[in-house]
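Single-letter residue listing:
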Amino acid sequence: MNRIDAALIRRYVRAVDLERIRRDVALAPLTTFRIGGPADLFYRARTPEELSRALRVARELGIPSFLLGRGANILVGDRGFHGVVIQCDIATLEFRPGGRILAGAGLDVFPDLINATVVRGLGGFHHFVGIPSTVGGAVYGNVHFLAAAPTRDRTEFIATVIEGATILTPGGEIRYEDNEYFRFGYNHSVIQETGDVVLDVSLKLIPTPIPELQTVMRENLAWRNDRFPGLWLYPNAGSIFKMIDGVNAGRLIGECGLKGHRYGAAQISHKHANMIVNLGGATAAEVTTLIELSRESVAREVGRELETEIEFVGEF
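Novice: What should I look at first to understand the pattern of salt bridges in this one?
Specialist: Pairs can form between side chains of opposite charge once their charged atoms are near each other. Taken as a whole and judged by the stated rule, the model has 17 salt bridges. We note a salt bridge from R79 to E315, for which the minimum N-O separation is 3.3 Å. Of this pair, R79 sits in the loop between β4 (74-76) and β5 (81-88) while E315 sits in the segment after β18 (311-313); the two residues are 236 residues apart in sequence, bridging distant segments of the chain. For E315, a relative accessible area of 16% translates into the label buried.

Shown next, in the form of C-alpha cells:
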C-alpha cells in the first residue's frame, strides 16, 4: 500500500475539515495493543454528519479509510495506514422513559455507559464491565462476556439489550434498523459483511437494584482479572484466534507448550494462551511471528486449523 498522493491529501483536507485533520498521527497509542505505525491522515468525527462526510469524501477521492473506535481487537502494521483513519467520537447519551436509552456509537461501553446506567439502577450493560469497546464496536462484534459467578453460568451478549440502531450505509444513506437486521451471532453482526457504520444505538435496559448490579460487576472484574492479562499492565488485543467447534484456541495453543513463549517484546500470555501481550515496545512483526508459530504448532501437533479473530490494519 503506497502513501496517498499529496494532491489528494490537500483535496481531502479542504473538503472535510481544514482545521481538525491531522497528518502522520501515531496509531499505537490509540490501540489497546499499543502497536502500529502512523496514519497519513487522522480525523475525529464528533457528529453523524461529520462522520458521513469524512467517509463519503474518502470514497469519492479513492482514498483508503479505516473507522477506528477504541482500538481493541486490531493489530496495526508497523508501517502504519496509508490513507485516512477516522475515529468515531459520537459520544451522545440520552435517557428515555421505560429504561430506554439512545447511545452514540463513539461512547465508551466502560466506564462511560456502564457507570451512567448503573447509578440509575438500569441493568443489561453492567455485565460488560472492563471490556474496552465503544457502543458501535460492541454492535459490530456482538460483544459478549462469559458470566462464571456461582449463581450464573452463561454467556451474556450485547445483542440482548439492543432494540435497533441508526446506520450509515456504504452508499451514504442514513436509516434505522431493528435488532433482526443485524443477524447477531457469536462475535458477529451482519455489518461486518455489509460495511454499514453504526451512528447510534437504541437500548432497552432492565430496572435492577444498584447493589445487585455492583455485585455482578465486582464478580465479573474478578473473573477477568483471574483469567486474562491485565490490559493496562500488558497491552493486548484480546483473543487472537476464533473458537473451534466450541473449543477455545487458547487451550489448543497451551497443549503445544507455547504459554509464555516470547519473541522480541511480544509474548504469548502465561495466563491465557490465546492472548499475545506487548511487554513494552513490541512490533507488529513480532506479534505476527507468534501468531504464525501458534497456527503452525496447532496444525502440526493437534491437527486443527486456527483462524484469526483480530483485524489486521495497514501495512505490515
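Novice: Is there a simple way to think about unusual backbone geometry in this case?
Specialist: Put simply, F110 and P111 share a cis peptide bond, and its omega is 10°. Located in the positive-phi region is R34, a residue other than glycine, with phi close to 60°. Note that R34 resides in the loop between β1 (22-26) and β2 (38-45). Despite not being glycine, N73 has its phi angle at roughly 60°, a positive value. One can find N73 in the loop between β3 (65-68) and β4.

So, how was this worked out
- Residues numbered from 1 in each chain as written.
- Predicted model: local features only at pLDDT ≥ 70, side-chain atom pairs only at ≥ 80, totals over all residues.
- Heavy atoms only, no water.
- Salt bridge = Lys/Arg side-chain N within 4 Å of Asp/Glu carboxyl O.
- Helix = DSSP H or I, 4+ residues; strand = E, 2+ residues; numbered from the N terminus.
- Buried < 20%, exposed > 50% of the residue type's maximum accessible area, 1.4 Å probe, protein only.

Spatial relationships are all this shows, so hold off on functional conclusions.
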